[in-house]
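Listed below are the residues making up each chain.
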Amino acid sequence: MVDFLVVGGGIIGLLLTRKLAEQGASVMLMDKQALGQESSWAGGGILSPMYPWRYPDALNHLVDWRAENFQQLARSLLEETGIDPEVSLGGVNMLNVADEQDALDWAQAGVGAGSGLVKTRVADFLENEPLFRQTENVDSVLTLPFVGNVRNPRLLQALKKSLQQRGNVQIKEGCEALSFVKKQERITGIETTQGVFSAEEIIVAAGAWSGDLLTKLDVQVSVSPVKGQMLLIKAEPGLLASVVLAEGCYLIPRRDGRILVGSTVEHCGYDKTTTEDARDKLLAAAYRVAPILKNYPLEKQWAGLRPSSPESIPYIGRIAGWQGVSVCAGHFRNGVVTAPFSVDSLVRQLMPT
Ligand SMILES: Cc1cc2nc3c(=O)[nH]c(=O)nc-3n(C[C@H](O)[C@H](O)[C@H](O)COP(=O)(O)OP(=O)(O)OC[C@H]3O[C@@H](n4cnc5c(N)ncnc54)[C@H](O)[C@@H]3O)c2cc1C
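Criteria and cut-off values
Residues numbered from 1 in each chain as written. Predicted model: local features only at pLDDT ≥ 70, side-chain atom pairs only at ≥ 80, totals over all residues. Heavy atoms only, no water. Near = heavy atom within 4 Å. Polar contact = N/O pair within 3.5 Å; in protein donor to acceptor, adjacent residues only side chain to side chain. Areas by Shrake-Rupley, 256 points an atom, 1.4 Å probe, with all protein chains shown as cover. Pairing = 2+ DSSP bridges. Helix = DSSP H or I, 4+ residues; strand = E, 2+ residues; numbered from the N terminus. Axes fitted to C-alpha atoms, helices over the stretch in contact; angles between N-to-C directions. Left-handed = near helix turned anticlockwise from the far one by under 90°. Contact = heavy atoms within 4.5 Å. Nonpolar A, V, L, I, M, F, W, Y, C, P; charged D, E, K, R; others polar.

1. Side note on the site of the ligand
Consideration 1: The ligand sits among 36 residues. The nearest are D31, S40, I46, F332 and V337.
Consideration 2: One of the side-chain N or O atoms of D31 is found 2.5 Å from an oxygen atom in the ligand.
Consideration 3: In this structure, G44 approaches the ligand through a main-chain N or O atom, which is 3.0 Å from a nitrogen atom.
Consideration 4: Coverage of the ligand by the protein amounts to 98% of the 1,000 Å² it exposes when considered alone.

Spelled out as structure tokens, the structure:
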């Protein structure tokens, strides 16, 4: 019997396990495949919601506008594991934003005030970003200066390695949660493809699959998959410093010079196939934003399943009507940036000090 059993080893489950274990709890983390292969791997790792003023405050309250959590986490993971999650704080620039005044108003008060969002001179932006020197239609730039991106596959690898080194964490890969063990209204364990495991508290952090799993408790949680396709262009270092949003796409720099182009938003169930149509549309958008990109080869294309939720507000907390079961899921397009505060919030509920 462990204190906590976490179902799902994406960014949410990995960070939850780390936090609970740091507080002295015994934790079992299970995933139906290897840890960190789904949405958390596929995503871009932008450390801000895109156009954050268009989101509800409830979502923006989960954002750390100075990415301090990520810087601290990256430092300690590098020390513990030798793997650098490559947090880059080059800012997020949004070009030619139609509702610019709404953005500037949002940045004056409430949660928006913490974001540091400002208007940047186009000439300054072009000087700092060589990638856009052949772009003719940059009319305005809004900047979130203190955020950036994390290289999520590396973050996941580092988290996994760090958990493997902890005596109070058990990891079960290739272990699918099938159903819950119930004793009246109390959940005492979980039935899996590797047998039954007991825990004081089960936490469902199964990303896009969370809604389906919770139907076993007759609980309706509106979390479902939304496919996102991404491209990777093998560019070179020094071309792009910040994350740039424009023309319905975004460009994310990696330290080795590669540039990610994202992404589609497709409602097609659990299908993760990539398509030529998506590739062509994303490339066309990227070339409109930055024609220089045509000089570099497309290296890779992939897709992931975001866990969508109404208004993009994740479910975080105990499940009403049952004891011993909680959920942390439905982070939709923002599950990396909001992971640290989401996890802190749930752990505070489960382990009040
Ligand atoms: C293309 C794309 C771009 C994105 N860009 C960004 C971005 O720039 N910034 C940002 O913050 N967010 C971004 N996101 C969203 C972000 O990736 C997700 O919100 C986040 O990764 C969700 O994490 P998770 O741990 O809840 O889910 P996942 O990473 O999907 O993990 C869920 C895990 O649960 C496991 N699982 C499911 N069912 C079971 C079961 N029954 N038993 C055992 N294990 C199970 C799965 O195998 C999986 O490993 C993007 C997503 C995509 C697809």
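2. Topic: the pairing of strand β9 (residues 195–204)
Consideration 1: Bridging between strand β1 (residues 2–7) and β9 involves five bridges; their strand directions are parallel. By the bridge assignment for β9, V6 is matched with I203.
Consideration 2: Note: strand β8 (residues 186–192) against β9, four bridges, orientation antiparallel. By the bridge assignment for β9, G189 is matched with S198.
Consideration 3: Linking two consecutive strands that pair antiparallel, namely β8 and β9, is a turn of two residues.

3. Examining the packing of helix α1 (residues 11–22) against helix α8 (residues 152–164)
Consideration 1: Look at α1 against α8: their axes get within 10 Å of each other, and the N-to-C directions meet at 35°. Along this stretch, α1 crosses α8, giving a crossing that reads as left-handed. Along its contact with α1, which presents I11, L14, L15, T17 and R18, the element α8 presents L155, L156, L159, K160, S162 and L163.
Consideration 2: In terms of residue class, the contact of α1 with α8 is made up of seven nonpolar, two polar and two charged.

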